[in-house]
Amino acid sequence: MMKDRSNELGGSRLKFLIVMAILLSVGYAAYLYIPVRYHAYLFRDQMQQCVDIASAQGKPLAWVAEQLSKIEEEYDVPSNATITPSTLDNRIQVRVQFAKPIEFPGYTYEYEFDETVRSAAFFVPK
């Protein structure tokens, strides 16, 4: 009986180690990537809030850029981010661009954030 299974000895351990190595690698990559993506999502939400407030209260375009510059550190946005406020069809819009490196072992991924948000249409004076 043992003779028939001699070529299978240790096979399940090797498969287990390979699967665990893959799962740990995927988990570590998610551990590094998810916080960057989450902060970008929250920053985009703050961008929308700033343009809506500026539009509703009649704030100048410079105010939007100033507000976004103030909160860069809170959302882990690099200080060299490009913030471009403008108006289009009597609506305020702002575009923010930056790249953030995410360093994996042996590989560096450049997360590129390039978002444009516009103020809501119901804030536009007629």
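Residues numbered from 1 in each chain as written. Predicted model: local features only at pLDDT ≥ 70, side-chain atom pairs only at ≥ 80, totals over all residues. Heavy atoms only, no water.

K.L.:
Describe the pattern of salt bridges, listing the residues and the values that go with them.
P.N.:
In total, this model carries four salt bridges according to the counting rule given. In this structure, Arg44 engages Glu115 in a salt bridge whose closest nitrogen and oxygen atoms are separated by 2.9 Å. Here the residue Arg44 occupies a position in helix H1 (residues 11-57), and Glu115 occupies one in strand E3 (residues 107-118), the gap between them amounting to 71 residues. With a relative accessible area of 24%, Glu115 lands in the partly exposed category. Across the salt bridge formed by Glu66 and Lys70, the nearest N and O atoms sit 3.5 Å from each other. You can see Glu66 and its partner Lys70 sitting in helix H2 (residues 61-70), four residues apart, about one turn around the helix. Classification of Glu66 by relative accessible area gives partly exposed; the value is 42%. (Salt bridge = Lys/Arg side-chain N within 4 Å of Asp/Glu carboxyl O. Helix = DSSP H or I, 4+ residues; strand = E, 2+ residues; numbered from the N terminus. Buried < 20%, exposed > 50% of the residue type's maximum accessible area, 1.4 Å probe, protein only.)

K.L.:
Explain the environment of Lys59 to me, using residue names and the numbers behind them.
P.N.:
Position of Lys59 among the secondary structure elements: in the loop between H1 and H2. Taking the relative accessible area as the measure of exposure, Lys59 reaches 31% and is therefore partly exposed. Here the alpha-carbon distance between Lys59 and Ile92, two residues 33 residues apart in the chain, equals 9.8 Å. When near neighbours in sequence (up to four residues on either side) are disregarded, Lys59 contacts Ile53, Ala54 and Ile92. (Contact = heavy atoms within 4.5 Å.)

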